Amino acid sequence: MTIPEIHTYLREKLPGAGLELVEAHPDPVIRVPAEAMIEVAGVLRDDSELHFECLMCLSGLETAEEMLVVYHLYSMRHGHKCTLKCGGPKGDQVVVPTVCRIWPTAEWHEREAFDLFGIRFEGHPDPRRILCPDDWEGHPLRKDYVPQEKWHDIPLTQRGYGRSREGGGL
Amino acid sequence: MIEGRFGPNIIITSADRVINWARSRSLWPLTFGLACCAIEMMATNASRFDLDRFGIFPRPTPRQSDCLLVSGTVTAKMGERLVRLYEQMAEPKWVISMGACANSGGPYYEHGYHVVKGVDQIIPVDVYIPGCPPRPEALIDGFLRLREKIMRETIARKQA
Amino acid sequence: MSELKELDIPLGASPEKISRLLADFEDVHGERLMVQMGPQHPATHGVLRVELVTDGEMIAEAKPHIGYLHRCFEKVCENLTWPQIVPYTDRLDYCSSMNNNLGFVLACEKLFGIEVSERVQTIRVLVAELNRIANHFIVIGTYGLDIGAWTPFLYVMQEREHILDLFDRLCGGRLLLNYIWIGGLSHDLPEGWLRQVRDYLDYMKGKIKEINDLLSYNKIFIERLANVAVIPAEVCIQYGLTGPNLRGSGVKWDLRKNEPYSGYETYDFEIPVGRGEVGTVGDCFDRYMVRVREIEQSLRIIEQAVARLEKMPRDDVKAAIPKRFTKVPEGEVYFRTEHSKGELGFYIVSNGKAKPWRVKCRAPSFSSLSVIPKVAPGLLIADMVALIGSIDIVLGEVDR
């Protein structure tokens, strides 16, 4: 099934979910509202026509106005792929329900998305940072991130000889 | 005990020669492989570029090693542990900084927010080995230079 | 030791059941001990810290902590131009840098719509398979070292040196190569290089048997690995384990066959799968043996690639490289390749500029490591070392 067909199938199964098909290059993306995410994920994994048992990748993404979580799914049985996006506007704290009870591999990927982007995952069993230290300030992959100069007395700045480039580096 | 108690004299210089010769010919580094340089360090320990012929034998614990071979990128999280391990090593101890990342942050110099820009920001370094990663021959050269440095030390003054 | 005999942990028990059994046990016999394994540890394959809660020698819980090598790869990529990112991909899984380059470059070529010539594709397959063999050699050698065998490490590192010599003559680097570029290669094959690869293939005949005699079928090695840390196939798929880990659990899945790229569909090779020959399907020995057999299959692919390259006329390997990367198509793509450690995926978002908007690297070791809290309870501490070695992680990839 192609992504538009999957989208039509999902709309028939879950008419109230509010799924949208967003055109993109080279493949379209299905946009899922945060409230419907768990239901949609359950159908995607368990339905025999879809059977997306593999979550290939879960990433955070910051666009100009929004903070999104991007899911790349794959079905080994049928051989089709699907991309989902879920998120909210950048101004407030973006909260997305966790899918780690449906695809356990998401547990660590969601911790990483929280660490690097600040996206909260509701219902996550272990919502700690994973890559940066636990008391790190800020979320590094955000476009407005300002790196910290020190952590626990360990200097993190460049040394001597002047700054190398305007606007680059610490 | 005797370091720093006597000025340089003929007995000290002879003792120096023997002590320095012994220390430099059996450097036991702590296996502190962090990243890519660790693979080259392993390759140098293996049979082609054998480090054992120089008396260099890697030890897993800081209590038994004389030198700390920092090979790879030092990040903030790891930097804390590195300082702790350095303090656990007994005197005399030396540090070799292997690779561009340990020397100065390497390729992550500009945009790495979590990378310490050179391990000498947190511990004192004796020898720097450039390269990304340095070839095994370069690592051997680094050890030989450390040997020369050790040979120049004297027990009349405390090690800097 | 007699206390351990009284507590019978059934094979395949769930972590909850094991925790319950151990909790009942400890009420009678004693309290648990928290042991920190790492981050500086000779057997954790890098800077990994695993927090173990043990009851005597048996593990009740294991929590891996990562991030000790977090080098901000994704942030760095947002500040570099497209071709400048390729050397940084080398440093993700530093044991097999060609495969990383290939993964990133193929994702970019899919997004930009670049097609490369058959000769470039064949050379890419050749060097990627050579690097896969080099990587598996490191895995076999260090795994033997973890289990306690020094000699096989020295043997395989010597075999690996021949491959590194080939790479040295090809592109000047031993470990971090930056050879596969977006749209082509950094330089063409030097004169006589293919003959040296042929010599290497002849040299390797019989070497796999030597490794098997020395390590793989060694009685102590088998005792240490058989029936240890069995990971069933469903758990593999749920936790995102791919590559030799998935194949070791009996699932015949290889992206080179199932979703071929770069001309892999035209090569004749097999997919080795774990058979449970000394224990259960999915134990540490199966995962290890899959890697040894993959070396043989990679040698087959290299032989076919060399035969094709000898007959192909030379052409310009930089022909398809765009003149400038300042204006590229917008869009986003997720492309995955069969890396030595599993499925390496790159999710790339481009907004048309010279620098990417977002690059996410889905590293195979990241997902492989997440299975440890599920599989470790019930193992002995020494088996923990066997488990970590068998799932083959490299912290450069895990932490990026």
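Cut-offs applied
- Residues numbered from 1 in each chain as written.
- Chains lettered and ligands numbered in written order.
- Predicted model: local features only at pLDDT ≥ 70, side-chain atom pairs only at ≥ 80, totals over all residues.
- Heavy atoms only, no water.
- Helix = DSSP H or I, 4+ residues; strand = E, 2+ residues; numbered from the N terminus.
- Rg over C-alpha atoms; globule rule 2.2 N^0.38 Å.
- Buried < 20%, exposed > 50% of the residue type's maximum accessible area, 1.4 Å probe, protein only.
- Contact = heavy atoms within 4.5 Å.
- Areas by Shrake-Rupley, 256 points an atom, 1.4 Å probe, with all protein chains shown as cover.
- Lys, Arg positive; Asp, Glu negative; His and termini not counted.
- Charge placed at Lys NZ, Arg CZ, Asp CG, Glu CD.
- Pairing = 2+ DSSP bridges.
- Axes fitted to C-alpha atoms, helices over the stretch in contact; angles between N-to-C directions.
- Core = buried A, V, L, I, M, F, W, Y, C linked by side-chain atoms within 4.5 Å.
- Domains from an automatic or database assignment.
- Phe/Tyr/Trp six-rings, centres within 6.5 Å; stacked < 30°, edge-to-face > 60°.
- Lys NZ or Arg CZ within 6 Å of the ring centre and 35° of its normal.
- Parallel < 35°, antiparallel > 145°, perpendicular 65-115°, else oblique.
- Nonpolar A, V, L, I, M, F, W, Y, C, P; charged D, E, K, R; others polar.

### Things to note about the overall build of chain B
For chain B, the helix and strand inventory stands at five helices and four strands. Counted from the first residue to the last, chain B has its helices and strands arranged as α-β-α-β-α-β-α-β-α. Here the C-alpha atoms of chain B give a radius of gyration of 16 Å, agreeing with the 15 Å that 2.2 N^0.38 yields for 160 residues. Projecting the C-alpha coordinates of chain B onto the three principal axes gives extents of approximately 55 × 35 × 25 Å. Looking at chain B as a whole, 54% of its 160 residues qualify as buried. Residue pairs at least 24 apart in sequence account for 79% of intrachain contacts in chain B once pairs closer than 6 positions are excluded. Summed over all atoms, the accessible surface of chain B reaches about 6,900 Å², with 57% contributed by carbon and sulfur. Charge-centre separation for chain B: the mean point of 20 positive side chains lies 3 Å from the mean point of 16 negative side chains.

### Re the sheet that holds strand 4 (residues 66–74) of chain A
Residue and element names in this part refer to chain A. Reading across the sheet, the five strands line up as 1-2-5-4-3 and stay open at both edges, with mixed pairing between neighbours. The outermost strands of the open sheet, each flanked by one partner alone, are strand 1 (20–22) and strand 3 (54–62). Each neighbouring strand pair of the sheet contributes to a mean axis angle of 30°, computed without reference to strand direction. The pairing of strand 2 (residues 29–31) with strand 5 (residues 81–89) spans two bridges and is classified as parallel. Following the sheet pairing, Ile 30 is matched in strand 5 by Leu 84. Running over the sheet, helix 3 (residues 106–117) touches strand 3 and strand 4 and is turned about 10° from strand 3.

### Some remarks on the side chain of C:Thr89
Note that C:Thr89 resides in helix 4 (residues 82–90). Excluding anything up to four places from it in sequence, C:Thr89 contacts C:Phe73, C:Asn100, C:Asn101, C:Phe104 and C:Phe346.

### Looking at the nonpolar core
In this structure, B:Val70 and C:Tyr179 are the most contacted members of the largest nonpolar core, which totals 223 residues. When residues of this core are assigned to their parent elements, the largest contribution, 14 residues, is made by helix 6 (residues 118–147) of chain C. Shared between two domains, this core holds at least three residues of each, these being domain 1 (15–65) and domain 2 (112–324 + 368–399) of chain C. Setting aside chain neighbours within four positions, we find C:Tyr179 in contact with C:Met98, C:Asn101, C:Ile123, C:Val127, C:Leu170, C:Cys171, C:Leu185, C:Ser186, C:His187, C:Asp188 and C:Leu189. Core analysis: the second largest hydrophobic core is formed by 19 residues, B:Met98, B:Val127, B:Leu146 and B:Ile150 among them.

### Notes on the packing of aromatic side chains
Ring pairs (aromatic) are described by centroid distance and by the angle formed between their planes. Under the definition given, this model contains 20 aromatic pairs over all chains. Aromatic side chains C:Tyr261 and C:Phe335 sit 6.4 Å apart centroid to centroid with 80° between the ring planes, which places their arrangement in the edge-to-face category. Within this pair, whereas C:Tyr261 is found in the loop between helix 13 (255–258) and helix 14 (284–311), its partner C:Phe335 is found in strand 6 (residues 331–339), the two being separated by 74 residues in sequence. The pair formed by C:Tyr261 and C:Phe335 is uniform in burial state, with each residue classed as buried. Arranged with centres 6.3 Å apart and planes meeting at 65°, the rings of C:Tyr264 and C:Phe269 form a pair that is edge-to-face. The structure contains a cluster of three or more aromatic residues connected by ring pairs, namely C:Tyr143, C:Tyr217, C:Phe221, C:Phe285 and C:Tyr288. Residue placement shows B:Lys93 over the ring face of B:Tyr86; its charged tip is 4.1 Å from the ring centre. Seen from the ring of A:Tyr74, C:Arg336 lies directly overhead, with NZ or CZ sitting 4.2 Å from the centre.

### Quick look at the packing of helix 2 (residues 36–45) of chain B against helix 7 (residues 151–171) of chain C
Interaxial distance between helix 2 of chain B and helix 7 of chain C falls to 10 Å at its minimum, and their mutual angle equals 110°. By the angle between their axes, helix 2 of chain B is roughly perpendicular relative to helix 7 of chain C. Between helix 2 of chain B and helix 7 of chain C, the contacting residues are B:Ile39, B:Met42 and B:Ala43 on the first element and C:Phe153, C:Met157, C:Arg160 and C:Glu161 on the second. The residue makeup of the contact of helix 2 of chain B with helix 7 of chain C, split by class, is five nonpolar, no polar and two charged.

### Topic: the sheet that holds strand 1 (residues 33–37) of chain C
Residues and elements named next belong to chain C. Reading across the sheet, the three strands line up as 1-2-3 and stay open at both edges, with antiparallel pairing between neighbours. Whereas interior strands pair on both sides, the edge strands pair on one side only; in this sheet they are strand 1 and strand 3 (58–65). Along the sheet, successive strands turn relative to each other by an average axial angle of 20°, direction set aside. Bridge count for strand 2 (residues 49–55) against strand 3 is seven bridges, and the pairing is antiparallel. Opposite Asp 55, over in strand 3, you have Met 58 as the bridge partner. Most of the contacts of helix 17 (residues 381–390) go to strand 2, to which it runs at about 150°, and overall it touches strand 1, strand 2 and strand 3.

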